[in-house]
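Summary of the model geometry
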Amino acid sequence: MRHAAPKSARTGTPLDLLRGARSSRLSHAALRIEGNGAVLGLEPAVAEKLNELVPQTRRSMREAARAAERRNLLLGSASLAALVGTAATAISLTGPERGLPVASEAEFTTTQIHSVKAAASRSGVRDAIASDETQQSTNEGTWSLGDNADLDVKQMSRSLANNENVAKLMDQDGDLLPAGFNPNHDTGDSGNAYEFSQCTWWVYVRRHQLGLPVGSYMGNGSQWASSARSLGYWVDTTPRHVGDIMVFRAGQEGSDSTYGHVAIVEKINADGSITTSECGSVMQGKTYSKTYHNVSDFEYIHY
């Protein structure tokens, strides 16, 4: 009886077996040889080299593409996180003390929009960030300079007069000033043009000593009141300050019957009388003083 010879085992090198298995890419460090179940152990470097030689399948190409996409997404997320961290660090380093505007709790006279504080929702419907309602703050009320402020509103008149001494006198006179009075009117002053030792000469000299305006060509003594009015001076029948010019009509109180007279008010006494300084041609430049009680009988040039 003849027996068939046993089938010889499949022969071939592992590399031949690997080249024939083109349906899949080598992915393990050991290969199971078909037929006898023997396991061939390979070094990792050899397995990596064999993987390079084995052609890629479409499936392995798709898996490689997805792996690359996951790596790119991971790198992008890491970059974005680093950028946000850098921005947060910059903001924390530049606080209100570094110049960033700080919201004030004070109310302003403007139209203010009030925010609606609501948590964000992941649903398709979200609450409005700001309401449509606006509120107008008021500008009504009073103002003050503080408890310790000491404001004299009369001091504001000083800006009206170029002459500092005139400004001080205006502060004292307050509401007594004539309507529409211009403290910077033409003074008519171009120097002392009056004859030495005359009453007009002395009045010009004394007014300059007191820092008050006076004209150079006001005429004879009796003409000074009308000349002063024409230039814009304040003239009336009440003595008000030291330095006022007292005008005598011709012949009044013993003055010259033709030229009249002028004097300077040096003091306003408690009883209402006034004391003057005066000069005349016979005085050779020296002055004398007199007291008058009928003060309302004369005209006075103030400034």
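Described below are features of the structure shown in this document. These figures come from a predicted structure and were not determined experimentally.

**Description of the overall build of the chain**
From N to C terminus, the chain includes 6 helices and 10 strands. Relative to its full complement of 303 residues, the chain shows a buried share of 26%. Look at the contacts in the chain between residues 6 or more apart in sequence, and 54% of them connect residues 24 or more apart. Summing over all exposed atoms, the chain offers an accessible surface of approximately 21700 Å²; the carbon and sulfur share of this is 53%.

**A few points about helix 4 (residues 164-173)**
All of the buried residues along helix 4 are V166, A167, L169, M170, D171 and D173. Between the side-chain oxygen of the N-cap and the backbone nitrogen of N165 there are 2.9 Å, and the N-cap of helix 4 in question is N163. Within two residues after helix 4, G174 carries a phi angle of roughly 55°, on the positive side.

**Digging into the state of the cysteines**
Applying the stated criterion across every chain yields a total of 0 disulfides. Here C199 is not cross-linked by a disulfide; its sulfur's nearest cysteine counterpart is in C279, at 8.3 Å. In this structure C199 comes out as buried when scored by relative accessible area, which is 9%.

Conventions and cut-offs
- Residues numbered from 1 in each chain as written.
- Predicted model: local features only at pLDDT ≥ 70, side-chain atom pairs only at ≥ 80, totals over all residues.
- Heavy atoms only, no water.
- Helix = DSSP H or I, 4+ residues; strand = E, 2+ residues; numbered from the N terminus.
- Buried < 20%, exposed > 50% of the residue type's maximum accessible area, 1.4 Å probe, protein only.
- Contact = heavy atoms within 4.5 Å.
- Areas by Shrake-Rupley, 256 points an atom, 1.4 Å probe, with all protein chains shown as cover.
- Polar contact = N/O pair within 3.5 Å; in protein donor to acceptor, adjacent residues only side chain to side chain.
- Disulfide = S-S within 2.5 Å.

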